[in-house]
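Each chain, written out:
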Amino acid sequence: METVNKKFESLQFIPFVLVNGMNLFPIFILVHIFLQNNREFRYLLPLLFFYCFKSTILFLIRLKTLPMRRLLFVAIGLGILGCGFGLLLNQSIAFGWIAGGLLGICSGLMFPSYMTVMFHERTLNDFNNKESNQLYSLGFAIIFSTILFKLIDASIVGTFLFLGLNLLLLASVLSTYPTYTIDETIPYPNYSTIETLVLFFVGFFSVFIIKGDKKLGVSHFLLTLMIIMAILLVIYFIYYKKITRQRQFRPLESA
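The structure contained in this document is the topic of the report that follows. (Residues numbered from 1 in each chain as written. Predicted model: local features only at pLDDT ≥ 70, side-chain atom pairs only at ≥ 80, totals over all residues. Heavy atoms only, no water.)

### Description of the nonpolar core
Among the nonpolar cores identified, the biggest contains 63 residues, and Ile29, Ile33, Ile76, Met110, Phe144, Phe160 and Leu170 are the most heavily contacted of them. Looking at this core, the element that brings in the most residues is helix α4 (residues 41-61), giving ten residues. (Core = buried A, V, L, I, M, F, W, Y, C linked by side-chain atoms within 4.5 Å. Buried < 20%, exposed > 50% of the residue type's maximum accessible area, 1.4 Å probe, protein only. Helix = DSSP H or I, 4+ residues; strand = E, 2+ residues; numbered from the N terminus.)

### So, helix α3 (residues 25-36)
Helix length check: α3, at twelve residues, gives a terminal C-alpha distance of 17 Å against a target of 16 Å (1.5 Å per residue), a fit within 8%. Asparagine 38 occupies a position one or two residues after α3 and carries a positive phi of about 60°. (Expected span 1.5 Å × (residues − 1).)

### Re the packing of helix α2 (residues 14-21) against helix α8 (residues 156-174)
The angle between the axes and the distance between the axes are what describe a pair of packed helices. For the pair α2 and α8, interaxial distance at closest approach is 10 Å and the crossing angle is 135°. On the basis of the axis angle, α2 is oblique to α8. In this structure, α2 crosses over α8, and the sense of that crossing is left-handed. Counted together, Ile14, Pro15, Leu18 and Val19 of α2 and Asn166, Leu169, Leu170, Val173 and Leu174 of α8 form the full contact between these two elements. Broken down by class, the residue content of the contact of α2 with α8 amounts to eight nonpolar, one polar and no charged. (Axes fitted to C-alpha atoms, helices over the stretch in contact; angles between N-to-C directions. Parallel < 35°, antiparallel > 145°, perpendicular 65-115°, else oblique. Left-handed = near helix turned anticlockwise from the far one by under 90°. Contact = heavy atoms within 4.5 Å. Nonpolar A, V, L, I, M, F, W, Y, C, P; charged D, E, K, R; others polar.)

No statement about biological role is implied by the geometric values presented.
Listed below in structure tokens is the structure:
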């Protein structure tokens, strides 16, 4: 077991490439699905869900505190699950919608959690500061990208399988990182659930409308979504006014 851990420790150049790549690689895959199917709207949805969840998932995460190391593994697990649904894409495009959403959540959570973990690893454990890793990362990025782009043209299912296996490799490498402990003294803010959900849905539909219009070049089919977003904004405005009134204090009476 110790020998296996040593081997994974020598692969510390991999996380940097895969974590940053998850902001781009799923987009290449999902765009190819859209173009391969004559730009039909239902095949655009996986890409739209990816953008929407990637941009807004942090609104929901703030409701529940999680250690960054655990959040990082949750993100990787959701990415692997998303690739699993991608393998079923030929059965139904609905599996592609789920895959796009899960990969978006993975991408939205992975980068900030990874950067936080690496900051603590470097400052508390003096870990992974080797300059040679940069050269290895460049070589791995070139090899990974070449294989991925070749697979996209050959088989979308094979591409999802390749990406999922690499995410599994990423989890294995990260599991060898030394643990650290933070003495937290600042209490975590208590965010309003209603306010958070409204912000999430407003952000979600905003991204959906903007990206949908950009990809298809039309806006009329998005009218319903714009109405929904406007309703959510009104609900939030009413809620905010109500909370503001409850927080007001009576002025002190002068003697």
